[in-house]
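# Architecture at a glance
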Number of protein chains: 2
Amino acid sequence: MVGIDDVARRAGVSTATVSRALSGRGHVAAATRERVEEAAAELGYVVSASASSLATGRMRNIGVVVPFLNRWFYTSVLEGAQRRLMQYGYDLTLYNLSGASNERSTVFEQFLLRQRVDAVIAVSLELSAEEVDSLHALGKPLVGVGGPIRGVPTVSIDDVGVTRLATEHLLSLGHTVIGHIGGDVDAEMSFHMPTNRRHGWEDALREAGLEPRPELYFPAVFTMESGYVAAKQMLGDPRLRPTAVVVASDEMAIGVILAARDMGLDVPRDLSVVGIDDHELAPFFGLTTVAQFPEQQGERAVELLMRELDQSREDEPANLQLPFELIVRSSTSRPRPEREPRD
Amino acid sequence: MVGIDDVARRAGVSTATVSRALSGRGHVAAATRERVEEAAAELGYVVSASASSLATGRMRNIGVVVPFLNRWFYTSVLEGAQRRLMQYGYDLTLYNLSGASNERSTVFEQFLLRQRVDAVIAVSLELSAEEVDSLHALGKPLVGVGGPIRGVPTVSIDDVGVTRLATEHLLSLGHTVIGHIGGDVDAEMSFHMPTNRRHGWEDALREAGLEPRPELYFPAVFTMESGYVAAKQMLGDPRLRPTAVVVASDEMAIGVILAARDMGLDVPRDLSVVGIDDHELAPFFGLTTVAQFPEQQGERAVELLMRELDQSREDEPANLQLPFELIVRSSTSRPRPEREPRD
DNA sequence: CACGCCGCCGCAAGCGCTTCCATTCCCCGC
DNA sequence: GCGGGGAATGGAAGCGCTTGCGGCGGCGTG
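Below, the structure is looked at part by part. Everything numeric in this text was worked out from a predicted model, so none of it was measured. (Residues numbered from 1 in each chain as written. Chains lettered and ligands numbered in written order. Predicted model: local features only at pLDDT ≥ 70, side-chain atom pairs only at ≥ 80, totals over all residues. Heavy atoms only, no water.)

### Some remarks on the protein's contact with DNA strand D
- In the region of DNA strand D, 24 residues are neighbours, and Ser14, Thr17 and Thr32 of chain A together with Ile4 and Ser19 of chain B sit closest.
- Here the atoms of DNA strand D within 4 Å of the protein split so that 67% fall in sugar or phosphate, with bases taking the remainder.
- Here a phosphate oxygen of DNA strand D sits 2.9 Å away from a polar atom, N or O, in the main chain of Ala29 of chain A.
- One of the backbone nitrogen or oxygen atoms of Ile4 of chain B is found 2.8 Å away from a phosphate oxygen of DNA strand D. (Near = heavy atom within 4 Å. Polar contact = N/O pair within 3.5 Å; in protein donor to acceptor, adjacent residues only side chain to side chain.)

### A look at the protein's contact with DNA strand C
- Around DNA strand C, the surrounding shell holds 23 residues, and the nearest of these are Ile4 and Ser19 of chain A together with Thr17, Ala29 and Thr32 of chain B.
- In DNA strand C, atoms within 4 Å of the protein come from the sugar-phosphate backbone in 68% of cases.
- The separation between a phosphate oxygen of DNA strand C and a polar side-chain atom of Ser19 of chain A is 2.4 Å.
- Taking Thr17 of chain B, its side chain carries an N or O atom lying 2.5 Å from a phosphate oxygen of DNA strand C.
- Mapped onto the surface near DNA strand C, the elements with two or more residues apiece are α2 (15–23) and α4 (49–56) of chain A together with α2 (15–23) and α4 (49–56) of chain B.
- No other element matches the four residues that α4 of chain A contributes to the surface near DNA strand C.
- In terms of residue class, the surface near DNA strand C is made up of 11 nonpolar, nine polar and three charged. (Helix = DSSP H or I, 4+ residues; strand = E, 2+ residues; numbered from the N terminus. Nonpolar A, V, L, I, M, F, W, Y, C, P; charged D, E, K, R; others polar.)

### A few points about the packing of aromatic side chains
- One pass over the structure, following the stated rule, counts eight aromatic pairs over all chains.
- For the pair Phe73 of chain A and Tyr74 of chain A, a centre-to-centre distance of 5.7 Å together with 80° between the ring planes defines the contact as edge-to-face.
- Geometrically, the ring pair formed by Phe284 of chain B and Phe285 of chain B is edge-to-face, given 5.0 Å between the ring centres and 75° between the ring planes. With respect to burial, Phe284 of chain B and Phe285 of chain B carry one shared label: buried.
- Of the aromatic side chains, those joined through ring pairs into one cluster are Phe68, Phe73 and Tyr74 of chain A.
- The residue whose ring lies beneath Arg71 of chain A is Phe68 of chain A, and the NZ or CZ to ring-centre distance is 4.9 Å. (Phe/Tyr/Trp six-rings, centres within 6.5 Å; stacked < 30°, edge-to-face > 60°. Buried < 20%, exposed > 50% of the residue type's maximum accessible area, 1.4 Å probe, protein only. Lys NZ or Arg CZ within 6 Å of the ring centre and 35° of its normal.)

This is how it looks when you write it as structure tokens:
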């Protein structure tokens, strides 16, 4: 294994100079640096991460904790975070909580605290105060993605704003009976997100002078199938007859479209549906949706972290609200006049 | 930061004994071990990964390289690998090649070779001889998942067997005009997988005494939309009139079902479709499919790696063929008699 | 009873870097 | 011409563990 002093010998300098030349820290004459770099390249030298970490106290590695892996949102923020981390020269080590029952505590006690990472990004995870504290006690910065964590900088979107926008879109098309299929509050580990999204629907309705009807809200988990089932219920109830529905995720929304189709309803003529996410399948299904940009969220989380790691300054925990955007496709239109009794 | 000698002092032993007690290596009296463990717990001591790595030369960290993240197969093997690695006390650091243009070389030169991992798992990646060699030169074991790599132990499924099984299922139902929608050989970075799957279709047909008709094969990339498009072509051609189709992935197969529906065809009455994967959406669409078990593939890959790391013995590179299994749902049935001209 | 073996433990030498401090040398300004 | 300051480099002390080696008892065996 070629080490730093092999390089030093070959370049005719001291190990101290090699270290400075290769890391870019400290003053090294240009000619010397060149010589060192050549020698290193010729020998195929790469610094030993562990030795370097031991000496500096920095691992150049950050931990990302996700509750699931098999979901578009998580893999997307992962992708964004990975890309940005790589640009900073950092590794990403992945912790997935969806495995065995007790993996959550294992992750925290055995891995995150094991001095293997400089910081952690928690994606859509509600961390307990102890979990946050134990991380902070080790001096490890922590940032959240997808929902606020007490006393921790977070990047997320405005969950009420997002459904409000979706609902306003429907309202502006002339819909007045608008349903909502949202996350089941208890079924998901992700904060108050489902509740917030429901509030956005209610707020928009109220602002338009319509009282949201509780029976037009259907809970579901964030899967296509669950959206399908909820839609069947909603559309099967003759007392409801919504002309449009805002759905808290694209996957569920696609389930809704499929359900409508199976019931002989035309989307958007008989039912307008708008989702949230801009999932990769949304264009295929012509789904109108409010795009959030999870990759960007991952990137911003990394940037936040890097700032904390570099300056080690105590800025106020800046909670970043990221933009979202309505994307109109073919699943929304004006309501069919004949289905609307004249008022 | 509490270090090993804090623990040693508190337990009234030497640092050597603490190290041995906590790591389980070497002989330590049971009473002593207990005392050390108590002291460590009270102080909240965790070993410094970098110091430990520097001393032992092991990082307890393995790198997993994937070409994409947003695909069911990859996240599934990732999930399996992660779970098993955690059981072994290893970290998983993730490298995703789908980012910027030159990330592939960056990953190899800057990260994998940076002594940050003990070994690497390459998922569905065709590594060049140089890439393999540079890893081996560093003494880093390497195992592949999802396709063979020259001189590297690999876990995968029998790609020809899998489509053969799918085709035989259709044959046994009485179908004789069976199309195939498969991966485009050039579009994917994943070996000869598409070609092998095509061969399985051809082989099964030939064994049944039917000559595979090239015009019944349609290339596609592995997405729902691409499957949809291919199906529209296949089903729109009046000269073809297949009664069944074997599709190289479930996502594509779902696209096929959707296309059939849009063309007014009933699945399975007018068209039987069988996919490959057992994707999470397959049950929802009633898709008959040949299940592969990517999580299991991830787990086995880890086990292979651990064996290589522990024994450091030169077994022959055992190429593991993992099982697959036909799962019959509602997208396949006997062909409609009236559509089959009597022969 | 004596010898030897073995289990248990401490000492101290690294592991391969980074960085503080000291040293040398050169350039500049007075 | 001389002193001061800064740039360039080397020496060496760690960073916090692991582990080979050796000492010291206790126990089994001849």
